[in-house]
Amino acid sequence: MADMKKLIEKSNRYLMSTYKRFPIVLRKGRGCRVYDTNGKEYLDFVAGIAVNVLGHSHPAVVVAVQKQAQRLIHVSNLYHIEPQIRLAELLVENSFADRAFFCNSGAEANEAAIKLVRKYSHDHFGPDRHEIITALNSFHGRTMATLTATGQEKFHKGFEPLLEGFRYIPFDDLEALEKAITPQTAAVMLEPIQGEGGVRVPSPDYLKRVRELCDRNELLLVLDEVQTGIGRTGRLFAYEHFGIEPDIITLAKGLGGGVPIGAMLAREEVAKSFVPGTHASTFGGNPLAAQAALATLEKVLEDGLLLEECKEKGEYFMERLRELQKEHEDIVLDVRGLGLMIGLELARECTPVVEEALERGFLLNCAAGNTLRFTPPLLVTEGEIDRLIDLLHDIFGRLS
Ligand SMILES: *Cc1c(COP(=O)(O)O)cnc(C)c1O
């Protein structure tokens, strides 16, 4: 007991207060379960916020990291890197893209995408055409450029002046987008499904129409798949659901199965604007991270089994949440999502629900203040989903 309390005291003493943390220290994990330093078990419906697609310490990832650590942990991108090459090949052969660039996080992947948009537009249309249109309620990261791309004032406050050249439109509003396009517009950058914004799924034909608008105006379409990518929605990439191909996508969260790695993928014609010297990352796609990603991706793609299961379990999960909504109409406003990226919008703040769930051995996450966001490992079972539904029935029953 003292162990955990002492650790938390030191955490509060030595770390910058950038996170509002729940009062537990997690030490161990297997599959969909994690354990704190007191040995208490939690069923994990957060999974590092859509990171641990294969659950915790999946043997395929563990073995890949162990072997690679013994062979070679890091070498510079001054040289060709074997796992990075194999990873790029696998991503390219399973997507619209022709080339990959690797970095270490979602923000960096988006930063790279923003730079590629500017460079491409500069190369083809001259220096004045550099604006990027993004959506309100979006989330693209915390670096200065991705913070500016993020269409939420609460994240901007205190960090002005922001970067020049961004314009915001309401998500899922085609007319607003059409009106926002000017001769200076270079690209449209969107999450296929808004994650931090509260799991917002656009109308079925929205992205198709956005693609058409981009084509008509010679704009690049950048999709931020940092959260939706790597099987989360039941397809390897979320754009596959919408019958379109983007020009650029960014990846990170699920890509390394828990090991930090980010990627930006692009079509050949666009990728061409990056040449030696235009962009780089010391750790980007280093042997250890790339090998972890390779193991994760191979597992996700294996027979397409995991993707099929993700789709089925997602449907089961949503169905059970809709039943829950019917019984607790005063508390549950909406159920939405795709695959295993699911939001349950409540008529109230969801932090008290998350706190009680924690107490009772469940890790839950809250997005946009009032939406419970479920992003469990893709391996979550129907039995585990049932346990969560029982818990929510119980909590909501006492709340109303
Ligand atoms: C988490 C997230 C990011 C930022 O990723 P980091 O690895 O935290 O920099 C960017 N875009 C989306 C859609 C995300 O969900």
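Placed above this text is the structure.
As a starting point, this report considers the structure included with it. Treat the numbers as computed from the prediction; the structure is a model and nothing was measured. (Residues numbered from 1 in each chain as written. Predicted model: local features only at pLDDT ≥ 70, side-chain atom pairs only at ≥ 80, totals over all residues. Heavy atoms only, no water.)

Describing the packing of aromatic side chains
Tallying each qualifying case throughout the model produces 7 aromatic pairs. Centroid distance Phe139 to Phe155: 5.5 Å. Interplanar angle 65 degrees. Geometry classified as edge-to-face. Here the residue Phe139 occupies a position in the loop between strand S5 (131-135) and helix H6 (144-149), and Phe155 occupies one in helix H7 (residues 153-156), the gap between them amounting to 16 residues. Under the relative-accessibility criterion, Phe139 is labelled buried at 17%. Plain terms: the ring middles of Phe237 and Tyr239 are 5.8 Å apart, the flat faces sit at 10 degrees to each other, and that makes the pair stacked. Tyr239 matches Phe237 in its accessibility class, with the two residues each being buried. One aromatic cluster in this structure is built from Phe45, Phe317 and Phe374. Geometry around Tyr35 places Lys28 over its ring, the cationic atom sitting 5.2 Å from the centre. (Phe/Tyr/Trp six-rings, centres within 6.5 Å; stacked < 30°, edge-to-face > 60°. Helix = DSSP H or I, 4+ residues; strand = E, 2+ residues; numbered from the N terminus. Buried < 20%, exposed > 50% of the residue type's maximum accessible area, 1.4 Å probe, protein only. Lys NZ or Arg CZ within 6 Å of the ring centre and 35° of its normal.)

Observations regarding the pattern of salt bridges
Under the defined criterion, the tally for this structure stands at 27 salt bridges. Glu41 is the salt-bridge partner of Arg33, the closest N and O atoms lying 3.1 Å from each other. Put simply, Glu302 and Lys299 hold a salt bridge, and the shortest N to O gap is 3.4 Å. Three or more residues are tied together by salt bridges with common partners; here these are Arg211, Asp215, Asp247, Arg267 and Glu269. (Salt bridge = Lys/Arg side-chain N within 4 Å of Asp/Glu carboxyl O.)

Nothing here speaks to function; it is geometry throughout.
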